[in-house]
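# Structure assessment
Single-letter residue listing:
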Amino acid sequence: MSVELVSKTQSFDGSQCQYRHQSSVLGCEMRFSIFLPSQAEKDQRFPVLYWLSGLTCTDENFSQKAGAQRMAAELGIALVIPDTSPRGDDVADDESYDLGQGAGFYVNATQAPWKPHYRMYDYIVEELPKLVEGNFPVSERRAISGHSMGGHGALTIALKNPGRYTSVSAFSPICNPMACPWGEKAFAAYLGADKTLWEEHDATVLVGRASERLPMLVSQGEEDQFLEEQLKPNALEAAAEAAGYPLKIEHHAGYDHSYYFIATFIEQHLRFHGDYLLAH
């Protein structure tokens, strides 16, 4: 599996790059961004934090706005930022921002017209890590994080794949997509009407079924405009408490849903993941 360099920029003590490749899982060309710290030692291989972005985003939002490179370089952690959906003229789309291209929701679609390309779950869990680990100086130690729709993706993917990640975190995640307008719309389109299938992609349900007690950190701004209707962190908090799952959830007064919030607390999240990614 080969990758083609699109751009490369020096950032702190490392390189921020963007690559494209042909995805066999998604059936289209995809782009992803990767930050690699400068190698302190020959043949050093870095653990990886995968960042999943939110609705309307691409691989560039986090790279350009979060300011994560400084701390990633200091800790010695690679950052991999995929796109949020398949792309291209032959890929199904919708006029609304919360369905179709830019809104893959990190599931494998089973319904037309989405099924042929919208397999973001398999792309994130299987194809992209194999591609990254086969082409870059990284190890098989992985953590996962994300924002909003990507926070939903990070939480559900981590909960569904015990042993694959050392830790998981999220900013302003869609915690209970079965019970919010964004999730109901996307799940109905991608997965169909059977809501028992939706449960497999809802963190509030999955946390009660988890066989692994993975370190989990969630940060939520109290001035988030989507807090009550779409995100529902209280539902996740209650489910985790009922299951005895050691979720650490922090509510931050004054912060909204934007990348200003992410940039403020990204160092904390990177240090959180570093404690587990870098443990021997």
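The following paragraphs examine the structure supplied in this document. (Residues numbered from 1 in each chain as written. Predicted model: local features only at pLDDT ≥ 70, side-chain atom pairs only at ≥ 80, totals over all residues. Heavy atoms only, no water.)

Further remarks concern the nonpolar core. Counting residues in each nonpolar core, the largest one holds 70 residues, and the members touching the most others are Ile144 and Tyr190. In terms of residue count, helix α3 (residues 120-135) provides more of this core than any other element does, eight residues in total. With residues near it in sequence (within four places) discarded, Tyr190 still touches Leu99, Gly100, Ala103, Gly104, Phe105, Val107, Ala109, Thr110, Gln111, Trp114 and Tyr118. (Core = buried A, V, L, I, M, F, W, Y, C linked by side-chain atoms within 4.5 Å. Buried < 20%, exposed > 50% of the residue type's maximum accessible area, 1.4 Å probe, protein only. Helix = DSSP H or I, 4+ residues; strand = E, 2+ residues; numbered from the N terminus. Contact = heavy atoms within 4.5 Å.)

Of the strand pairs in this sheet, strand β1 (residues 4-10) and strand β2 (residues 14-23) are connected by six bridges, and their pairing is antiparallel. Along β2, the bridge assignment pairs Gln10 with Ser15. In this structure, the hairpin formed by β1 and β2 is closed by a connection of three residues, where Phe12 is found at a positive phi of approximately 50°. (Pairing = 2+ DSSP bridges.)

Mapping Tyr245 onto the fold places it in the loop between α9 (233-243) and β9 (247-252). The sequence separation of Tyr245 and Trp114 amounts to 131 residues, and the corresponding C-alpha distance is 34 Å. Ignoring anything within four residues of it in the chain, the contact list for Tyr245 reads Leu159, Val207, Ala210, Glu212, Arg213, Leu214, Met216 and Ala240.

This part takes up helix α5 (residues 181-191). Residues Trp182, Gly183, Ala186, Phe187, Ala189, Tyr190 and Leu191 constitute the buried set of α5. For α5, the angular spread of buried residues about the axis comes to 165°, placing them on one side. Buried-residue contacts for α5 involve α4 (149-160), α6 (195-198) and α8 (227-231). Phi turns positive one or two residues past the end of α5, at Gly192, with a value near 95°. (Arc of directions from axis to C-beta.)

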